[in-house]
Amino acid sequence: MAESFPSTGPDLPSPTLSARLRELAAYLAAPTAGHLTEEQRALSLGIARRLVTTLAAELDVGIDVTALWDDWLASGIPSAERLAPACFARGEEHRWRQQSAQSAPTVSPGTAETADGLPAAGESELSDTDRAFLALRIADRRRFDALGNPAIAVADLDPDLLRALLLDIAAWWLARDKGDGNRAAALGDAVRTTGEAQQSATGIDAEAKAYHAILIANGDLSAVAAGAIARHDWTTLVALAAAAGKRRYADMALALITAEAAALPVLLAPLRLDSAALAPLEASLAMLPARALAGDDAGSGATA
Amino acid sequence: MSGERIIRGRVDAGGALVSADPSLLRLQQRAGAGLGRPLALPQLARLVALAQRLQRDISRPLYTADDHSDIHALVRIAPDADGATIEISDWRTRPVVMPQTPPVADVGIVPHGWAWECDQHLRVVALRAGAEAPSIPAGWEGRSLSELFELQPDADGRFAVLRALARQASFQGQRVRVEIGGTPLTMTVAGEALFDATGGFTGFRGIAVRDPERTGAAPTSGTIDPAFGSLPLSDPQFGRRIDGALRGPLSRIIATAETIHGQFDGPIRADYARYAGDIAHAGRHLLGLVDDLADLQNIERPGFKAARDEIDLGDLARRAVGLLGMKAEEKGIRIDAPRTDDRMPAYGEFRRVLQVLLNLLGNAIRYSPEQSQIWIRVDREGDRAMVTVADQGQGIATDQQAVVFEKFERLGRTDSGGSGLGLYIARRLARAMDGDLTVDSAPGQGARFTLSLPAREA
C-alpha cells in the first residue's frame, strides 16, 4: 500500500518569510536592475512615517502615533503600493539636493563691517516675480520637518492617496478604540474636512504654476531656468519644468532624476534651454549614486 | 572660468598635454608646465593614466586648486590608441574662504526652540517649533526676520544678525523679543549663512531658543575651551576665518608638492622628490587637522544634535571598507568585512556613523603592520547594535585606554598620520546619537574599537 503525502509545500509562511520571498521574487524577476540602497529605504520610510504622523495629528490629536506606526511596521503599511512612488520621489529628490548642498562651493565673506541698519526687505518693494519666487521657496520649505528631514506636505499629496491614508489611519484608530460610535462620526468629519482643506491649500504645484506664469509673461523663463541650473537650485528648475510640462512637481523631479543624459533636453524642452546650460544638471545627476535610470522610457517617472 | 561650459584637452600616449582650452591650459601653466609637457595636475594625471590602463571611459569628480581658489568639476576621460581626450564640465571655483554650507539637518533644533530659515533679504521662508517650544506666531510667511523677531542690540550696541548679513557669515547670540499671543518672550537666535552653487548668498538657517526665565544669564558665546586656551573655538567667525585662511594655501602646497613628487615636469633628484612627497604628506595632515577643527567646532556648538536615521551598521561598515579598501591594499592589509547579508539595524545619523567608521577603519589601517588583517564585525546585545573594528596593531595599554578619546591625544605617536582629534570627535558623535565608542586592547594584541548605537527592530 502506497503511502501518500499531500504536497502542499511548507506550512503557512510567516509574514517575515513571505516578505523575504517577495523580495527574492522581485530580485529574480530583474536580477540586473539594481536595488534600493539602505539609504533609499531609510529615507522613504522616514518620509512615510512623517506623513502618517502629520495626517494622524490632522485627524485627531489623541491618536497614539507611536502605537500606530509600530503596528504598521509590524503588519505592513496599508497603502504601501500607492505611498511608495510619492515617498521614493521625495527621497530621491532629497538625496540629489543634499548631494548638491554638500558639494556646493560658497562665497568669501563681504568686507562691510558696519551695516547695522535694517536690510531693504520691505513688502512694498517685492515685485510680482519676487513674491512668486518667495512663495515657491516657502512651499518648498514646508516639505521638510523641523529637523530638516524630507517630508511630504499635505498640500502636495495626491488627493486619492490622502484620502486612502486618512481612512487607513481612522480605521486603525477605531479598531484600537473598539468602535466608539461618536468617535467614528468625528473621524469621518475629520477625514472630510482634511480633504477639503487640502483642496484649498496651495502647495508647491500651485506655486510653481504661478511662478511659471509670471516668468512666461515677462519673457524670463529660459534665463531664470538657466540661472537655477547654474546655482544648483533644483527646486526652482523642477518647479518650472513641471509647470511648463503640465506635470506634478514630484513626477517631474523623479523624471529628471531617473532620466538618461540624452533624455534631459527632451524633458526640459519647454524651458528652451541651450544644451550648454544643461551641463551642470547632467554633471550633478551623474554624480548621484544608485539612481534608478529610466532607460528608453525616460519620461515615465519610473519608480524602484 | 565658470563661463565656459565644457573645457576640453588632449593628452598624447606619453601623457603630455598636447592641446587644451584656455582654462585647462592656465591650470597647467600655474602648476609649472605647459603644452607639450606632461600633465602637471596630479589628480587629473592619475585619472588619465587609469583610463588609459583600463582602456575605458572614466567620469569622476575633480578637485584641484589654482592660485586663488579650489576648483570642483566633473571630468570625463576617453582613452584611445593615441592618448586620451579630457572633457571637464560643471567647472566651479570655490573661493579660498569656504564657510561650508551645512546640510539642513546640521542645524539641529532643540525641543524648546524654533527652527527658521530666511532668504537673502531676511524674509522668513520656514519656521517650525520643537516639541516643547512655544507655538509659532501665525502669518510668519515672508515676513522680515527683523520684524518677526524684535532685535536687541548687544553690549556694544550692535546686532549680530545684521553684521552677519553684511559679512554673509554665520552668527550666534542675537537676543530677540517675540510676542506670542500678547506675551513677550526673550529668545536667542543663531544662524548659518547659506550659499548656492555659484557662491551666491541665499540667506540664513538657524534656531531660536527661548532664554531661561531669569535675569543675568551668562552669555553663551566666548566660552574658553581648555584644550585651546583662550582661542574662541565656539565663535563660528573665528573658526571660519581660520578654516578659510588655512585651507586654500594648504591645498596649493599639496598640489604643488605632489606635482614635484610625481616628477610630472621631468626627472629631478630622487631625494628632492622624496622631500616633496614629505611636504605633500605633511600638508594633507594639516588639511585633515583643519577639517577636524571645523568638525569639532560644529559638534561642540550648543544644541548640536545628530539625526535619528534608520540605518544598517552592516551596510555602513561595508561602505567604509569600500572607501578605504584601496588604502589597506597598499599595505597588504586584508579587511574581513561583514558579509552582504550581515545586517544590524540601528538608529543613528547615516553620514555621522559613516564618519565614525571611516575614522576607526582609517586608524586601524594606519597603525596595523603590513600584511596583517583587520576584522569588522556587527553584533547585538540587548537594545544595543554594535560594530567592532579590530586590528593586529601594537595595541593600547590599559592606562592609555582612558585617555585615547581625549583631544589631541596621540599616545606618543609622532608621525603625521592624524590630528589627535578623530577619536575624540568620533566618541562625541557616538554619544550625540545615544550611543558610545569604547576600546578594548592590550599591548601587542591589537585594538578593538566598538561603536554601539540604539538597536532597531528590522
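Definitions and cut-offs
- Residues numbered from 1 in each chain as written.
- Chains lettered and ligands numbered in written order.
- Predicted model: local features only at pLDDT ≥ 70, side-chain atom pairs only at ≥ 80, totals over all residues.
- Helix = DSSP H or I, 4+ residues; strand = E, 2+ residues; numbered from the N terminus.
- Buried ≥ 20, exposed ≤ 12 C-beta atoms within 10 Å, placed from the backbone.
- Contact = placed C-beta atoms within 7 Å.
- Pairing = 2+ DSSP bridges.
- Axes fitted to C-alpha atoms, helices over the stretch in contact; angles between N-to-C directions.
- Core = buried A, V, L, I, M, F, W, Y, C linked by C-beta atoms within 7 Å.
- Left-handed = near helix turned anticlockwise from the far one by under 90°.
- Nonpolar A, V, L, I, M, F, W, Y, C, P; charged D, E, K, R; others polar.
- pLDDT = per-residue confidence, 0-100.
- Arc of directions from axis to C-beta.

Quick notes on the overall build of chain A
And step 1. Each helix and strand in chain A was counted, giving 13 helices and 0 strands.
And step 2. The linear arrangement of helices and strands in chain A, starting from the amino end, is α-α-α-α-α-α-α-α-α-α-α-α-α.
And step 3. Every one of the 304 residues in chain A was classed for burial, and the buried ones make up 41%.
And step 4. The long-range fraction of contacts in chain A, counting pairs at least 24 apart against all pairs at least 6 apart in sequence, stands at 76%.

Considering the overall build of chain B
And step 1. Helix and strand counts for chain B stand at 10 helices and 18 strands.
And step 2. Across the 458 residues of chain B, 43% fall into the buried class.

Here's the deal with the pairing of strand β15 (residues 373–381) of chain B
Residue and element names in this part refer to chain B.
And step 1. Of the pairings in the sheet, the one linking strand β13 (residues 334–336) to β15 comprises 3 bridges and is parallel in character. Following the sheet pairing, R334 is matched in β15 by Q373.
And step 2. With 7 bridges connecting them, β15 and strand β16 (residues 384–390) associate as antiparallel partners. Across the sheet, residue W375 finds its bridge partner in β16, namely A390.
And step 3. Where β15 hands over to β16, the hairpin turn is made up of 2 residues, of which G382 adopts a positive phi near 60°.

Some words on the environment of A455 of chain B
And step 1. Relative to the helices and strands, A455 of chain B resides in the segment after β18 (447–454).
And step 2. Between the C-alpha atom of A455 of chain B and that of D383 of chain B, which follows or precedes it by 72 residues, the distance is 5.1 Å.

Quick word on the sheet that holds β13 of chain B
All names here are of chain B.
And step 1. Overall, mixed pairing links the 5 strands, which are arranged β13-β15-β16-β18-β17 in an open sheet. Bordering the open sheet on either side are β13 and β17 (436–441), each of which pairs with just one other strand. Between one strand axis and the next, the sheet turns through 15° on average, direction left out of account.
And step 2. Across the sheet, helix α8 (residues 350–367) lies against β15, β16, β17 and β18, angled at about 25° from β16, the strand it touches most.
And step 3. Here helix α10 (residues 422–432) sits on the sheet in contact with β17 and β18, set at roughly 130° to β17.

Considerations on the nonpolar core
And step 1. Residues I169, V238, A239 and L240 of chain A are the most contacted members of the largest nonpolar core, which totals 180 residues.
And step 2. If we ignore the near neighbours within four places in the chain, the residues touching V238 of chain A are Y249, M252, A253 and L256 of chain A.

As for the pairing of strand β11 (residues 201–210) of chain B
Residue and element names in this part refer to chain B.
And step 1. For β11, the tally of buried residues reaches 8 of 10 residues, placing the bulk of the element in the interior.
And step 2. Across 6 bridges, the pairing between strand β6 (residues 113–118) and β11 is antiparallel. Bridging across to β11, W114 finds its partner in A208.
And step 3. With 9 bridges joining them, strand β10 (residues 183–195) and β11 adopt antiparallel strand pairing.

As for the packing of helix α2 (residues 38–59) of chain A against helix α4 (residues 80–102) of chain A
All names here are of chain A.
And step 1. At a minimum axis separation of 8 Å, α2 and α4 run at an interaxial angle of 120°. Classified by chirality, the crossing of α4 by α2 is right-handed. Every residue of α4 that contacts α2 at Q40, L43, S44, I47 and A48 is listed here: L83, C87, F88, R90, G91, H94 and R95.
And step 2. A class-by-class count of the residues in the contact of α2 with α4 yields 6 nonpolar, 4 polar and 2 charged.

Considering the environment of D342 of chain B
All names here are of chain B.
And step 1. By the secondary structure assignment, D342 is in the loop between β13 and β14 (345–348).
And step 2. Considered as a pair, D342 and R318 are 24 residues apart in the sequence and their alpha carbons are 9.9 Å apart.
And step 3. Aside from chain neighbours lying at most four places away, what touches D342 is G314 and V378.

Some words on the confidence of the model for chain A
Do not read the fine detail of predicted coordinates wherever pLDDT is low.
Residues and elements named next belong to chain A.
And step 1. Residues with a pLDDT of 70 or more make up 84% of chain A, whose mean pLDDT is 83.
And step 2. Across residues 1–6 the pLDDT falls below 50, and counting only partners more than four positions away or on other chains, this stretch makes 0 contacts in the model.
And step 3. The model gives residues 106–123 a pLDDT under 50, and that stretch makes 44 contacts with residues more than four places away or in other chains.

Quick word on the environment of R141 of chain A
And step 1. For R141 of chain A, the position within the fold is in helix α5 (residues 128–141).
And step 2. As for R141 of chain A and A153 of chain A, which are separated by 12 residues in sequence, their C-alpha atoms are 9.2 Å apart.
And step 3. If we skip the residues at most four places from it in the chain, R141 of chain A touches E117, V125 and A126 of chain B.

Re helix α9 (residues 221–230) of chain A
All names here are of chain A.
And step 1. Restricting attention to buried positions, one finds in α9 the residues L221, V224, A225, A228 and I229. What you see down the axis of α9 is that its buried residues fit within an arc of 140°, all on one side.
And step 2. Elements in contact with the buried residues of α9: α8 (204–218), α10 (234–244) and α13 (279–286).
And step 3. Downstream of α9 by one or two residues, H232 has phi in the positive range, about 60°.

Quick look at the packing of α9 of chain A against α10 of chain A
Residues and elements named next belong to chain A.
And step 1. It is the contact of α9 with α10, at a shortest axis distance of 8 Å, that shows an interaxial angle of 145°. Considering only the axes of α9 and α10, their crossing is left-handed. In this structure, α9 contributes L221, A225, A228 and I229 to the contact, and α10 contributes T236, L237 and L240.
And step 2. When grouped by side-chain class, the residues that make up the contact of α9 with α10 number 6 nonpolar, 1 polar and no charged.

With respect to the sheet that holds strand β8 (residues 150–151) of chain B
And step 1. Strands sit in the order β7-β6-β11-β10-β9-β8 (chain B) across an open sheet of 6 strands; the sheet is antiparallel. Of all the strands in the sheet, the pair left with one neighbour each is β7 (124–129) and β8 of chain B.
And step 2. In this sheet, strand β9 (residues 171–180) of chain B lies alongside β8 of chain B in antiparallel orientation, the contact comprising 2 bridges. By the bridge assignment, E150 of chain B is partnered in β9 of chain B with R177 of chain B.
And step 3. Along the sheet face, α5 of chain A touches β6 and β7 of chain B and points at about 25° away from the line of β7 of chain B.

Looking at unusual backbone geometry
Residue and element names in this part refer to chain B.
And step 1. Positive phi values are uncommon outside glycine, yet L122 reaches one of about 65°.
And step 2. Inspection of the secondary structure puts L122 in the loop between β6 and β7.
And step 3. In this structure, D434 takes a positive phi of about 60° despite not being glycine.
And step 4. Checked against the element boundaries, D434 lands in the loop between α10 and β17.

Regarding α10 of chain B
And step 1. For α10 of chain B, the tally of buried residues reaches 9 of 11 residues, placing the bulk of the element in the interior.
And step 2. Residue D434 of chain B follows α10 of chain B closely and has a positive phi angle near 60°.

Describing the confidence of the model for chain B
All names here are of chain B.
And step 1. Summing up the model confidence of chain B, the mean pLDDT is 77 and the portion of residues at 70 or higher is 78%.
And step 2. Ignoring residues within four places in sequence, the model shows residues 95–107, a span with pLDDT below 50, making 45 contacts including any to other chains.
And step 3. Note that residues 214–234 has pLDDT below 50 and, in this model, 25 contacts with residues that lie over four places away or in other chains.

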